[in-house]
Amino acid sequence: MTTSTMHEQFQVLLEENKDHNCAGLGKDHICVKIVAMAELPSRFGDFHIVAFENNRDGKEHVAITKGDVIGASDVPVRLHSECLTGDVIGSLRCDCRDQLEAALKMIGKMERGMVLYLRQEGRGIGLINKIRAYSLQDEGLDTVEANLALGFRDDERDYAVAAHMLMSLKIRSVRLITNNPKKIQQLTDYGIKVTDRIPHVMEPNDHNLFYLQTKAAKSGHLIDFSGKEHFKEQDDRPIVSGMSEEQAKVFNE
Ligand SMILES: [Zn+2]
Ligand SMILES: [Zn+2]
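Residues numbered from 1 in each chain as written. Chains lettered and ligands numbered in written order. Predicted model: local features only at pLDDT ≥ 70, side-chain atom pairs only at ≥ 80, totals over all residues.

Draft legend 1. The arrangement of the overall build of the protein in detail. Regarding its fold elements, the protein presents 10 helices and nine strands. Every one of the 253 residues in the protein was classed for burial, and the buried ones make up 39%. Taking all contacts inside the protein whose residues are at least 6 apart in sequence as the whole, residues at least 24 apart take part in 64%. (Helix = DSSP H or I, 4+ residues; strand = E, 2+ residues; numbered from the N terminus. Buried ≥ 20, exposed ≤ 12 C-beta atoms within 10 Å, placed from the backbone. Contact = placed C-beta atoms within 7 Å.)

Spelled out as structure tokens, the structure:
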């Protein structure tokens, strides 16, 4: 598919989305519409970026797409929840950036695929509350206790937005890039056809070798060397290439 026809396809979608307003998905009746698209060459490959507007809470979500995805079947898809501290600043309190980079690298080499970048910072509690939770963790609470102390459930994430984005792009079926079967269940419940699961495997580097080391020392959670558990923002742990099956299994429990 050439770029010009991609643009033409997006123009048609944009026109169709102009007045879109449906009953919405999930408990919050989320409805999104496509409002803009552009080419996005990146260090991980040549992508397009598609911007969605959420007509319920004004949040701006994006799909980073590779190749001809509109109306396609069996599209490899990675769901990534926004993490400013990890994705942008490279925080070591979480592994979000490693996961995002691994997904973009993987999809960048594929014929087609996409990352849905979901604006549900800090497991859905928002940036300020996430930093408040970090602060409580600094004082010794664990991640779950910190969230509960702030009045949130352990995990406020919801994939209704992701499901609607896939519908907006007329994706017929997806191959979900995840190590977490629960994510497949959630999307399926929202009416997305998931035909396959692609394991999310990261290549080891100086950085994520840390997972293997902590895994070897502790039981499945990301814990720094002073013994504090890190905030788990993405809901499935990546498998680091070279990790034994046993390690990977425990890692995802
Ligand atoms: Zn809608
Ligand atoms: Zn993070």
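After that view, the rundown keeps rolling.
Draft legend 2. Focus on the sheet that holds strand S1 (residues 32-42). Overall, mixed pairing links the seven strands, which are arranged S1-S2-S3-S5-S4-S6-S7 in an open sheet. This sheet does not close on itself; its edge strands, each paired only once, are S1 and strand S7 (194-198). For this sheet the average axis-to-axis angle between neighbouring strands, irrespective of direction, equals 25°. Two strands pair when backbone bridges link them, and strand S4 (residues 75-81) and strand S5 (residues 113-118) are joined in this way by five bridges, in the parallel orientation. Bridge pairing in S5 places arginine 78 opposite valine 115. Here helix H7 (residues 160-168) sits on the sheet in contact with S1, strand S2 (45-54), strand S3 (60-66), S4, S5 and strand S6 (174-177), set at roughly 80° to S1. (Pairing = 2+ DSSP bridges. Axes fitted to C-alpha atoms, helices over the stretch in contact; angles between N-to-C directions.)

Draft legend 3. Spotlight on the nonpolar core. With 51 residues, the main nonpolar core has Met114, Leu116, Ala162 and Met165 as its most contacted residues. Looking at this core, the element that brings in the most residues is helix H3 (residues 96-108), giving seven residues. Leaving out residues up to four positions away in the same chain, leucine 116 has contacts with Ala63, Val77, Leu79, His80, Ala162 and Met165. (Core = buried A, V, L, I, M, F, W, Y, C linked by C-beta atoms within 7 Å.)

Draft legend 4. Fine view of the pairing of S6. The sheet contact formed by S4 and S6 spans three bridges and is parallel. Residue pairing for S6: proline 76 is matched across the bridge by arginine 175. As defined by bridge partners, S6 adjoins S7 across four bridges and the pair is classed as parallel. Bridged to arginine 175 within S7 is aspartate 196. The parallel pair S6 and S7 is bridged by helix H8 (residues 181-189), and the resulting crossover is right-handed. (Right-handed = clockwise from strand over helix to strand, strands pointing away.)

Draft legend 5. H3, seen in detail. Relative to the 18 Å expected for 13 residues at 1.5 Å per residue, H3 spans 18 Å between its end C-alpha atoms, a close match to the ideal helical length. For H3, the complete set of buried residues consists of Cys96, Asp98, Gln99, Leu100, Ala102, Ala103, Leu104, Met106 and Ile107. (Expected span 1.5 Å × (residues − 1).)

Draft legend 6. A look at the environment of serine 91. Considering the arrangement of structural elements, one finds serine 91 in the loop between helix H2 (84-88) and H3. Aside from chain neighbours lying at most four places away, what touches serine 91 is Thr85 and Gly86.

Draft legend 7. Structural context of unusual backbone geometry. Phi is positive for histidine 29, which is not a glycine, with a value near 50°. Along the chain, the position of histidine 29 falls in the loop between helix H1 (3-17) and S1.

Draft legend 8. Broad picture of H7. Most of H7 is tucked away, with eight of its nine residues classed as buried. Turning to H7, its buried residues are Ala160, Val161, Ala162, Ala163, His164, Met165, Leu166 and Ser168. Where H7 terminates, the next one or two residues include lysine 170, which has phi positive at roughly 60°.

Draft legend 9. A look at the environment of leucine 116. Position of leucine 116 among the secondary structure elements: in strand S5. The class of leucine 116 is buried, set by 24 C-beta atoms lying within 10 Å. In this structure the C-alpha to C-alpha distance between leucine 116 and alanine 162, which are 46 residues apart in sequence, comes to 6.7 Å.

Draft legend 10. Quick peek at the pairing of S2. Examined bridge by bridge, S1 and S2 share 10 bridges and lie antiparallel to one another. Directly across from isoleucine 34, in S2, lies its bridge partner phenylalanine 52. What sits between S1 and S2 in their antiparallel hairpin is a turn of two residues. The sheet contact formed by S2 and S3 spans six bridges and is antiparallel. Each residue of the ladder has a partner; that of histidine 48, found in S3, is threonine 65.

Draft legend 11. Examining the environment of glutamate 203 more closely. Locating glutamate 203 in the fold gives a position in the loop between strand S8 (201-202) and helix H9 (209-217). Among the residues examined, glutamate 203 registers 13 C-beta atoms within 10 Å and is labelled partly exposed. A C-alpha to C-alpha distance of 9.5 Å links glutamate 203 and aspartate 98, two positions 105 residues apart in sequence.

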